[in-house]
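Geometric and topological summary
Take a look at the letters that make up each chain.
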Amino acid sequence: MKRDNNIDRKIQNILFEKRNNVFDSKYQDSEDSELYQIIGNELSEEPQFSLDSNFAVDVTKKAIRRKKAGFALKVLLTYAAIISILILVGGTAFYFLAKDTFKDLLRLAADYNLQIIFSVLLVLAIQLIDKILVQKQSNVNVID
Amino acid sequence: MQHFFSLNCLMGNMYADRELVDKILRGNKQMFTLLVKQYERLVYFIVFRIIGEEERSKDVCQEAFVKVFLKLEDFNFKSKLSTWIATIAYREALNQLKKNKYRLLEDELKVENEKFHLFEEGSAQEQLEKMELKEQVHFLIGKLPHQYKTVLTLYHLNEFNYKEIYDITGWPEGTVKNYLFRARKLLKDALKKKVRNFDVTMI
């Protein structure tokens, strides 16, 4: 078994590693050597290639869309973080400066919670529709 | 002289890669399309050999190129662009394979057990009987664990050297050499067995 492996290693080194250029005829003529040559030829032959001719263009469009979406998400998160900080800081300052007015405002928000939620959702929906329309427009001219 | 020529070719290729990457980063989308065209065969062959299914391979190729586009800013020219792209393609294909945990585990066991044979099931051997020698080799390659298929593809088809295969897969040079040796030997032994069976039938 070990001897077999050594012979195989020798043949493989000669055929595939371009080492030991002096080809020993006892290996060259062997059945193993012939089989290795067939295998070597097949391994370096390209398998059937089946990507569409417009694959590159499609991938480019997809990649650009993904990058834009990632960028939009980053911007959205940044805005959300800034607005949250502003609300927090402003709210805290407002609470200490005008406690009663702050409490009134909170009560007002609690009374009109449905209207407030509806308004926020409406603004988000308009933003989303706007994004989709802009994206469709940019897809038309993506490969400019 | 030959060395000088190869060096010039290499420098030329590297310059082309740098120019291509710079233009893409400056927002030239057509240059990315060009990059995809330039490397689609490299990526497809790596992915297809690991995944083995045409349709899934196409999706994985697409995903790999999207990642290339998104990570292009991080490419630092310490390696060839082809090596970097091949690394992304290999990892993407492997991630897909990880979704089929059973197959992945089976491959790990096959590689650990150095004495495994390419056919233990009779049906595979029957299928092989009907094929021509060329087809048999490709059929047998498909039966190999993904580690062997990867090194065979990277070394023989994409002509990467051991160092580059290490960069792509993370396997040390000794492991790459060992996988290559064992993969070729498995293929040779399986073919030999087939040829001998054929001879006996002919007699």
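Cut-offs used in this document
- Residues numbered from 1 in each chain as written.
- Chains lettered and ligands numbered in written order.
- Predicted model: local features only at pLDDT ≥ 70, side-chain atom pairs only at ≥ 80, totals over all residues.
- Helix = DSSP H or I, 4+ residues; strand = E, 2+ residues; numbered from the N terminus.
- Buried ≥ 20, exposed ≤ 12 C-beta atoms within 10 Å, placed from the backbone.
- Contact = placed C-beta atoms within 7 Å.
- Nonpolar A, V, L, I, M, F, W, Y, C, P; charged D, E, K, R; others polar.
- Core = buried A, V, L, I, M, F, W, Y, C linked by C-beta atoms within 7 Å.
- Expected span 1.5 Å × (residues − 1).
- Axes fitted to C-alpha atoms, helices over the stretch in contact; angles between N-to-C directions.
- Parallel < 35°, antiparallel > 145°, perpendicular 65-115°, else oblique.
- Left-handed = near helix turned anticlockwise from the far one by under 90°.
- pLDDT = per-residue confidence, 0-100.

**Overview of the overall build of chain A**
Counting its secondary structure elements, chain A contains six helices and zero strands. When the helices and strands of chain A are read in sequence order from the N terminus, they spell out α-α-α-α-α-α. Residues classed as buried in chain A amount to 8% of the 144 residues present.

**Considerations on the overall build of chain B**
Along chain B, the regular secondary structure elements total 10 helices and zero strands. Reading chain B from its N terminus to its C terminus gives the helix and strand order α-α-α-α-α-α-α-α-α-α. The proportion of buried residues among the 203 residues of chain B is 34%. Taking contacts inside chain B between residues at least 6 apart in sequence as the whole, the part at least 24 apart equals 66%.

**Some remarks on the environment of Ile126(A)**
Structurally, Ile126(A) is set in helix H6 (residues 113-140). Between the C-alpha atom of Ile126(A) and that of Gln115(A), which follows or precedes it by 11 residues, the distance is 17 Å.

**Description of the interface of chain B and chain A**
If you look at the interface, chain B gives 33 residues, while chain A gives 29 residues. Contributions of two or more residues to the side of chain B that touches chain A are made by helix H2 (29-51), helix H3 (54-71), helix H7 (133-143), helix H8 (146-157) and helix H10 (173-202) of chain B. Looking at which element gives the most residues to the side of chain B that touches chain A, the answer is H2(B), with 11 residues. When its residues are assigned to classes, the side of chain B that touches chain A shows 17 nonpolar, five polar and 11 charged.

**Considerations on the nonpolar core**
Residue and element names in this part refer to chain B. Within the largest apolar cluster, 56 residues are counted, with the highest numbers of intra-cluster contacts made by Val43, Val47, Phe65, Ala89 and Val151. No other element matches the 12 residues that H2 contributes to this core. In this structure, Val151 is in contact with Ile165, Val176, Tyr179, Leu180 and Ala183, ignoring residues within four places of it in sequence.

**Regarding helix H4 (residues 81-98) of chain B**
Helix length check: H4(B), at 18 residues, gives a terminal C-alpha distance of 26 Å against a target of 26 Å (1.5 Å per residue), a fit within 8%. When H4(B) is considered as a whole, its buried residues turn out to be Leu81(B), Trp84(B), Ile85(B), Ala86(B), Ile88(B), Ala89(B), Tyr90(B), Glu92(B) and Ala93(B).

**Observations regarding the packing of helix H4 (residues 55-97) of chain A against H2(B)**
The contact between H4(A) and H2(B) brings their axes to 9 Å, and the two run at 130 degrees. When the axes of H4(A) and H2(B) are compared, the pair comes out oblique. Crossing of H4(A) against H2(B): the hand is right-handed. Here Phe55(A), Ala56(A), Val57(A), Val59(A), Thr60(A), Ala63(A) and Ile64(A) of H4(A) come into contact with H2(B), specifically with Lys29(B), Phe32(B), Thr33(B), Val36(B), Lys37(B) and Glu40(B). Its residues placed into classes, the contact of H4(A) with H2(B) shows eight nonpolar, two polar and three charged.

**Considerations on the environment of Ser33(A)**
The topology assignment puts Ser33(A) in helix H3 (residues 31-43). You can call Ser33(A) buried: it has 21 C-beta atoms within 10 Å.

**Things to note about unusual backbone geometry**
Residues and elements named next belong to chain B. For Phe77, which is not a glycine, the phi torsion comes out positive at approximately 65 degrees. In this fold, Phe77 is placed in the loop between H3 and H4. Positive phi, close to 55 degrees, is recorded for Glu159, a residue that is not glycine. Inspection of the secondary structure assignment puts Glu159 in the loop between H8 and helix H9 (162-169). According to the C-beta neighbour criterion, Glu159 is exposed, with 10 such atoms within 10 Å.

**Focus on the packing of H2(B) against H8(B)**
All names here are of chain B. It is at 9 Å that the axes of H2 and H8 come closest, and there the two elements cross at 155 degrees. The angle between H2 and H8 falls in the class roughly antiparallel. For the pair H2 and H8, the crossing hand works out as right-handed. In this structure, H2 contributes Phe45, Ile46, Arg49 and Ile50 to the contact, and H8 contributes His146, Lys149, Thr150, Thr153 and Leu157. A class-by-class count of the residues in the contact of H2 with H8 yields four nonpolar, three polar and two charged.

**What to know about helix H5 (residues 99-111) of chain A**
The end-to-end C-alpha distance of H5(A), which contains 13 residues, comes to 18 Å, matching closely the 18 Å that a straight helix rising 1.5 Å per residue would cover. Burial analysis of H5(A) places just zero of its 13 residues in the buried class, which makes it a mostly uncovered element.

**Side note on the confidence of the model for chain B**
Residues and elements named next belong to chain B. Within chain B, residue pLDDT values average 82, and 78% of them lie at 70 or more. In this model residues 1-12 is a low-confidence stretch, pLDDT under 50, and it forms zero contacts with partners more than four residues away in sequence or in other chains. Of the two predicted TM-score estimates for the complex, the pTM is 0.74 and the ipTM is 0.75.

**Concerning the confidence of the model for chain A**
On average, residues of chain A score 82 in pLDDT, and 83% of them reach the 70 mark or higher. Between the elements of chain A, mean pLDDT differs from a low of 62, seen in helix H2 (residues 25-28) of chain A, to a high of 90, seen in H4(A).

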